[in-house]
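Summary of structural features
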Amino acid sequence: MIEKVIEEEVPTTEENKERLRLLTVVRGETLRNRDIYERPPRYELFFPNFVMKELCVGLAFLIIIFTWAYYKDAPLYELSNPAETPSHIKAAWYFVGLQELLAYFDPYLAGVIIPSLILGGLYLVPFLDPDPVKGIGRFAFKERKFAIGCFLGGYVMWYALLLVGMFFRGTYWSFYWPWEDQSVVKATEVALWSFPLPAGIAFLVCYGLLMLLLPAVIFQDFFFRVGLIRYFITFNLFAAMCFVPIKVLLRNGFHVKYVLVTPWFNI
Amino acid sequence: MKWVPLGLVRYTFCLGGLSVFFFLLCILTGPFLMLYYVPDVNRAYSDVMDIMQVVPFGAFVRNVHRWSACLMVLCVPLHMLRVFLQAAYKPPRQLNWLVGITLLILTYLLCFTGYMLPWDQEAYWGATIGATMAENTPILGAKGPFSVLPSDKDIHYIMLGGTVLDQPTLSRFFFAHCIAIPGALAGLMGFHFYNIHRAGGMSGPL
Ligand code: HEM
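Residues numbered from 1 in each chain as written. Chains lettered and ligands numbered in written order. Predicted model: local features only at pLDDT ≥ 70, side-chain atom pairs only at ≥ 80, totals over all residues. Heavy atoms only, no water.

Thoughts on the overall build of chain B
What counts, and what does not: The helix and strand labels rest on DSSP assignments: H or I over at least four residues marks a helix, E over at least two residues marks a strand, and numbering proceeds from the N terminus. The rule is simple: take the accessible area with a 1.4 Å probe, protein chains only, and divide by the maximum for that residue type; under 20% is buried, over 50% is exposed, in between is partly exposed. By the convention used here, residues are in contact when the closest approach between their heavy atoms is within 4.5 Å. All accessible areas in this document rest on Shrake-Rupley with a 1.4 Å probe, and a residue is counted as covered only by the protein chains that are shown. Only four residue types enter the tally: Lys and Arg on the positive side, Asp and Glu on the negative side, with His and both chain ends excluded. Note that the charge is assigned to NZ on lysines, CZ on arginines, CG on aspartates and CD on glutamates.
Along its length, chain B carries seven helices and one strand. Counting from the amino terminus, helix and strand elements in chain B follow one another as β-α-α-α-α-α-α-α. When its C-alpha atoms are laid out on the principal axes, chain B stretches across 55 × 55 × 25 Å. Counting only residues that meet the buried cut, chain B has 59% of its 206 residues in that class. Sequence separation of at least 24 residues holds for 66% of the intrachain contacts in chain B that already meet a minimum separation of 6. By element, 72% of the accessible surface of chain B is carried by carbon and sulfur atoms, the whole surface being about 8,300 Å². With 12 positive and 9 negative side-chain charges, chain B shows a separation of 23 Å between the mean positions of the two kinds.

Let's talk about helix H5 (residues 121-135) of chain B
The cut-off we apply is this: To estimate the expected span of a helix, count its residues, drop one, and scale the result by 1.5 Å.
For H5 of chain B, with 15 residues, the first-to-last C-alpha span of 20 Å sits near the 21 Å given by 1.5 Å per residue. Within H5 of chain B, 14 of the 15 residues are buried, which leaves the element mostly enclosed by the surrounding structure.

Considering the coordination of the iron atom of the ligand
All names here are of chain B. Where we set the bar: Only nitrogen, oxygen and sulfur atoms count as donors, using a 2.8 Å cut-off from the metal that widens to 3.2 Å for Na, K and Ca. Water is left out, so coordination shells may look unfilled. Angle rules define the geometry names used: all angles between 85 and 135 degrees makes four donors tetrahedral, while opposite donors over 155 degrees apart and all other angles between 65 and 115 make four donors square planar and six octahedral, leaving every other case irregular.
Taken together, His79 (NE2) and His192 (NE2) make up the full set of protein donors to the iron atom of the ligand, lying 2.0 to 2.1 Å away. Given six donor atoms and angles of 86 to 178° at the metal, the environment of the iron atom of the ligand is assigned as octahedral. In this pair, His79 sits in helix H3 (residues 58-85) while His192 sits in helix H7 (residues 167-198), placing the two residues 113 residues apart along the sequence. Across the pair, exposure class does not vary: His79 and His192 are buried alike.

Some details on the site of the ligand
Residues and elements named next belong to chain B. Applicable threshold: In this text, near means that some heavy atom of the residue lies within 4 Å of the molecule or strand in question. Pairs of N or O atoms within 3.5 Å make up the polar contacts considered here, provided that, within protein, one atom can donate a hydrogen while the other can accept it, and that residues adjacent in sequence are counted only when both atoms are side-chain atoms. In this classification, the charged set is Asp, Glu, Lys and Arg, the nonpolar set is Ala, Val, Leu, Ile, Met, Phe, Trp, Tyr, Cys and Pro, and all remaining amino acids, among them Gly, are polar.
Around the ligand sit 26 residues in total, of which His79, Arg82, Arg93, His192 and Ser203 are the nearest. In this structure, Gly17 approaches the ligand through a main-chain N or O atom, which is 3.2 Å from an oxygen atom. A distance of 3.0 Å separates an oxygen atom of the ligand from a polar atom in the side chain of Arg93. Counting only elements with at least two residues in the shell around the ligand, the list comes to helix H1 (15-36), H3, helix H4 (94-116) and H7. The element that contributes the greatest number of residues to the shell around the ligand is H4, accounting for seven residues. Among the residues forming the shell around the ligand, the class breakdown is 15 nonpolar, nine polar and two charged.

Section: empty space enclosed by the protein
Quick note on the threshold: In this analysis, the protein atoms alone were mapped onto a 1 Å grid. Cavities are point sets where a 1.4 Å probe fits without being able to get out; pockets are open sets with protein on both sides within 12 Å along at least five of seven lines; lining residues have an atom within 4 Å of a point. Grid points are joined across faces, edges and corners, and a volume is the space filled by probe spheres set on the points.
In total, this model carries two cavities of 30 Å³ or more according to the counting rule given. In this structure, the largest cavity spans a volume of roughly 60 Å³. Ala91, Ala92, Tyr94 and Phe95 of chain A together with Phe112, Tyr115, Met116, Ala123, Gly126 and Ala127 of chain B are the residues that line the largest cavity. Mapped by element, the contributors of at least two residues to the lining of the largest cavity are H4 and H5 of chain B. Here the residues of the lining of the largest cavity are counted per class, giving nine nonpolar, one polar and no charged. The volume enclosed by the second largest cavity comes to roughly 40 Å³. What lines the second largest cavity is simply Pro75 and Tyr77 of chain A together with Arg66, Tyr115, Pro118, Asp120, Glu122 and Ala123 of chain B. Across the lining of the second largest cavity, the residue classes break down as five nonpolar, no polar and three charged.

Remarks on the nonpolar core
Our working definition: Nonpolar cores are built from buried Ala, Val, Leu, Ile, Met, Phe, Trp, Tyr and Cys residues. Side-chain atoms within 4.5 Å join them into one set.
Counting residues in hydrophobic clusters, the biggest one holds 96 residues, and the most contacted among them are Phe105 of chain A together with Trp97 and Leu185 of chain B. In terms of residue count, H3 of chain B provides more of this core than any other element does, 14 residues in total. In this structure, Leu212, Phe222, Val226 and Phe235 of chain A belong to the second largest nonpolar core, which totals seven residues.

Looking at the state of the cysteines
Residues and elements named next belong to chain A. Rules: Cysteine sulfurs are considered disulfide-paired once they come within 2.5 Å of each other.
If you walk through the whole model with that rule in mind, you get zero disulfides over all chains. For Cys150, which is in no disulfide, the shortest distance to another cysteine sulfur is to Cys242 and amounts to 7.6 Å. Cys150 sits in the buried class, given a relative accessible area of 19%.

Re the side chain of Thr169 of chain B
Residues and elements named next belong to chain B. Looking at the element boundaries, Thr169 is found in helix H7. Since its relative accessible area comes to 0%, Thr169 is described here as buried. Those residues in contact with Thr169, other than ones at most four positions away along the chain, are Met116, Leu160 and Val164.

Observations concerning the environment of Tyr157 of chain B
Within the secondary structure, Tyr157 of chain B is located in helix H6 (residues 155-160). In contact with Tyr157 of chain B, other than residues within four places in its own chain, are Ser151, Asp152, Gly162 and Thr163 of chain B.

Quick notes on the side chain of Thr171 of chain A
Residues and elements named next belong to chain A. By the secondary structure assignment, Thr171 is in the loop between helix H7 (145-167) and helix H8 (197-218). Given a relative accessible area of 9%, Thr171 falls into the buried group. With near-sequence residues (within four places) excluded, Thr171 lies in contact with Ser87, His88, Tyr176, Gln182 and Val185.

Regarding the packing of helix H6 (residues 107-128) of chain A against H4 of chain B
The condition is simple: To get an axis, a line is fitted to the C-alpha atoms, and for a helix only the part in contact is used. The angle between two axes follows their N-to-C directions and goes from 0 to 180 degrees. Roughly parallel means an angle under 35 degrees; roughly antiparallel means over 145; roughly perpendicular covers 65 to 115; every other angle is labelled oblique. Crossing handedness: left-handed means the near helix sits turned counterclockwise from the far one by under a right angle, and right-handed means the same turn made clockwise.
The N-to-C vectors of H6 of chain A and H4 of chain B enclose an angle of 165°; their axes lie 8 Å apart at closest approach. If you check the angle between H6 of chain A and H4 of chain B, you find them roughly antiparallel. The hand of the H6 of chain A/H4 of chain B crossing is right-handed. In this structure, H6 of chain A contributes Leu119, Leu122, Tyr123, Val125, Pro126 and Phe127 of chain A to the contact, and H4 of chain B contributes Gln94, Trp97, Leu98, Ile101, Thr102, Leu104 and Ile105 of chain B. Here the residues of the contact of H6 of chain A with H4 of chain B sort into eleven nonpolar, two polar and no charged.

If you want it as structure tokens, here you go:
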């Protein structure tokens, strides 16, 4: 890449060629580490050209924010009152997704385990992806179907939960369709039931085995490419992610409160 | 870093750059709010009320602070999405991905701590939800599964500085929101940019 730029700009005299060769030798190590893929052929200066463009976008948003701040006040509700729990508590909008999870999972799952899995999974992304080069610097949807599918799936789920929490939940976190009046308090929902312990264990074991074995059997190439450890971590995370919509379905479709009930924790 | 690919500003709207921009707007407006806001449970709410109603341009400054924070917490995950879709976490950029996730966590924490400072009902009960979650942490929380710590030594107690939300909570959230987290964010952002440079610039046009 560097060679390309220099070739375009510097007259290729013998002396310059020698300089370029020396430069490449001296910095060879770093160059190889840095430029392991093809770059787009045309370049511009970082400063001032690129920085100016970013500043223009910033300026546009400055105008938007100033207009917004002029016309719309940031909310300030009544003074806090520890003695009076409001019937209509909503967390800040960016946390409503987690709050929505509270409707389906105990707080230790919704507030601690699931966020930890999300963040842990995000930290692991570079190490779980077995391919070091595919699609760098472009949108390669076709070549990275599984990676992009998982990531988008989780991303969309996070915001879907957030939107449901924002717009479809009213007093006491009951579900309201958009055409229903949220000021009407809903009657307590139908009685919920839980799986008996053996059924719960059987369900989770079968689910886990299915999620861990099935992909390896169907996509054997993939399995051998990623290796056992990566495969194991990836599909545990994947199974955990898929469990969220499954629980949502079990709760809303079949009124299941818990899949597993133990004296110590419930799932 | 001298040369960057032409056409860098294209269809993903420089989401990283915008995150920096919104962060800077918050850094610029925050200190002005601090001039009038005292993190005292008996004063905090009325101070914010004063900022909204009495202080010249107070409402405007608070609004800019709030709305740019909202846009930042929207932009950072979108930036992460862009980075993922362009596979920019692959070598040689793994480290920057890790730094990025830390930035993401800090951004959410910054918003969480800031949200509770006005000490109104929404703030108080919103923070209570967060505190309940901490209380239910497995092993480390007093009410969580397999808890080992009593309720005056668990992670919930450490977070709130007590067993309920009160003055100690406000004090430590104030410290976290105004000093610790922005400082950490600013430092890590510097490292983030240094890493872009070290990896030989951006992976491709944005
Ligand atoms: C406070 C939050 C953050 C700020 C201010 C920030 C800022 C930036 C900026 C300005 C860039 C230059 C390219 C661009 O504008 O998109 C960038 C690139 C990058 N960011 Fe972030 N970022 C943040 C969070 C994150 C997160 C959450 C991730 C991912 C987990 C991440 C990973 C990366 C990577 C890998 C690059 C290099 C991209 C490439 O080479 O194409 N950053 N960041």
